[in-house]
Amino acid sequence: TILKTVGDWKRRRQDNLLSVPSTAIIDSASRKDERNKAIDLLDALSRSGSLPISSAELHVIVAVTHSFENDIMGTIIQDSINPIEKVEKTILILASTIHGIHYNTAA
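Notes on the structure follow. Here the residue numbers are simple positions, counted from 1 along each chain's written sequence. Per-residue local features of the predicted model are confined to residues with pLDDT of at least 70, and side-chain atom pairs are confined, for both listing and counting, to 80 or more; whole-chain, interface and lining totals are unaffected and use all residues. Note that water and hydrogens are dropped before the side-chain values are worked out from all heavy atoms of the structure.

1. Digging into the overall build of the protein
- Helix numbering and strand numbering both begin at the N terminus, where a helix is a DSSP run of H or I of at least 4 residues and a strand a DSSP run of E of at least 2. Along its length, the protein carries 3 helices and 2 strands.
- Sequence-ordered secondary structure for the protein, helices as α and strands as β, is β-β-α-α-α.
- Our radius of gyration is a C-alpha quantity, and the globule rule it is checked against amounts to 2.2 Å times the number of residues to the power 0.38. Against the compact-globule benchmark of 13 Å for 107 residues, the protein has a radius of gyration of 22 Å, which places it well outside the compact range.
- Taken over the C-alpha atoms alone, the protein extends approximately 60 × 35 × 25 Å along its principal axes.
- Throughout this description, buried means an accessible area under 20% of the type-specific maximum (1.4 Å probe, protein chains only), exposed means over 50%, and partly exposed covers the range between. Counting all 107 residues of the protein, 7% fall into the buried class.

Rendered as structure tokens:
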């Protein structure tokens with residue numbers, strides 16, 4: 001599964017704490033420049049990685065596609081498979097992989 005962003009992005013920013021927030025549209029060509037500016041700022045604040053950043057969060061999106069041979073009703077009635085259990089098992093395997101915990105798939 002590939003996630004792609006589409007269209008322009010809207011950015012709200014303040015020049016300083018007392019100024020009124022302004023809204024700008026970021027098109028696909030400007031996104032790369034804005035990303036590079038953010039990485040350059042992070043590099044400068046951390047002195048090229050020599051200073052630790054103790055209070056930071058990293059958000060990651062993991063996309064998973066789960067497919068069955070039949071549609072939902074065919075899977076439930078014809079195949080006698082509970083699709084929710086299958087999806088829950090997939091999520092459990094994915095989460096255990098991300099967190100480095102062994103999950104027994106035979107169970």
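2. Details of helix α1 (residues 28–45)
- Helix span, expected: 1.5 Å multiplied by one less than the number of residues in the helix. Here α1 contains 18 residues, and its C-alpha end-to-end distance of 26 Å stays within 8% of the 26 Å for a straight helix at 1.5 Å per residue.
- One or two positions beyond α1, positive phi appears at R47, with a value near 55°.

3. Digging into a nonpolar patch on the surface
- The patch calculation keeps residues exceeding 30% relative accessible area without a salt bridge and links them within 9 Å when they carry like charges or within 5 Å when they are nonpolar (Val, Leu, Ile, Met, Phe, Trp, Tyr). Per-residue and other accessible areas were derived by the Shrake-Rupley procedure at a 1.4 Å probe size, with only the shown protein chains allowed to occlude residues. By definition here, a salt bridge exists when the distance from a side-chain nitrogen of Lys or Arg to a carboxyl oxygen of Asp or Glu is within 4 Å. Where nonpolar side chains cluster on the molecular surface, the patch consists of L58, V60, V62, V64 and I98 and spans about 520 Å² of accessible area.
- Tracing the sequence through the fold places V64 in the loop between α1 and α2 (72–78).
- Classification of V64 by relative accessible area gives partly exposed; the value is 45%.

4. Section: helix α3 (residues 83–99)
- The end-to-end C-alpha distance of α3 is 24 Å, a good match for the 24 Å that 17 residues give at a rise of 1.5 Å each.
- Definition of a polar contact: a pair of N or O atoms within 3.5 Å, with one able to donate and the other able to accept a hydrogen when the atoms are protein atoms, and with sequence-neighbouring residues admitted only if both atoms are side-chain atoms. Looking at where α3 begins, the residue whose side-chain oxygen comes 3.1 Å from the main-chain nitrogen of I84 is N82.
- Immediately downstream of α3, the backbone of G100 shows phi near 70°, a positive value.

5. Digging into the side chain of T75
- Inspection of the secondary structure assignment puts T75 in helix α2.
- What makes T75 buried here is its relative accessible area of 1%.
- From its side chain, T75 meets the backbone oxygen of N70 in a polar contact 3.4 Å long.
- Working rule for contacts: check all heavy atoms of both residues, and any pair within 4.5 Å makes them a contact. Apart from residues no more than four positions distant in its own chain, T75 is found in contact with F68, N70, S80 and I81.

6. Topic: the side chain of S46
- Assignment of secondary structure puts S46 in the loop between α1 and α2.
- Among the polar contacts made by the side chain of S46, one reaches the main-chain carbonyl oxygen of L42 at a distance of 3.0 Å.
- Other than its neighbours up to four places away in sequence, S46 contacts L51 and I53.

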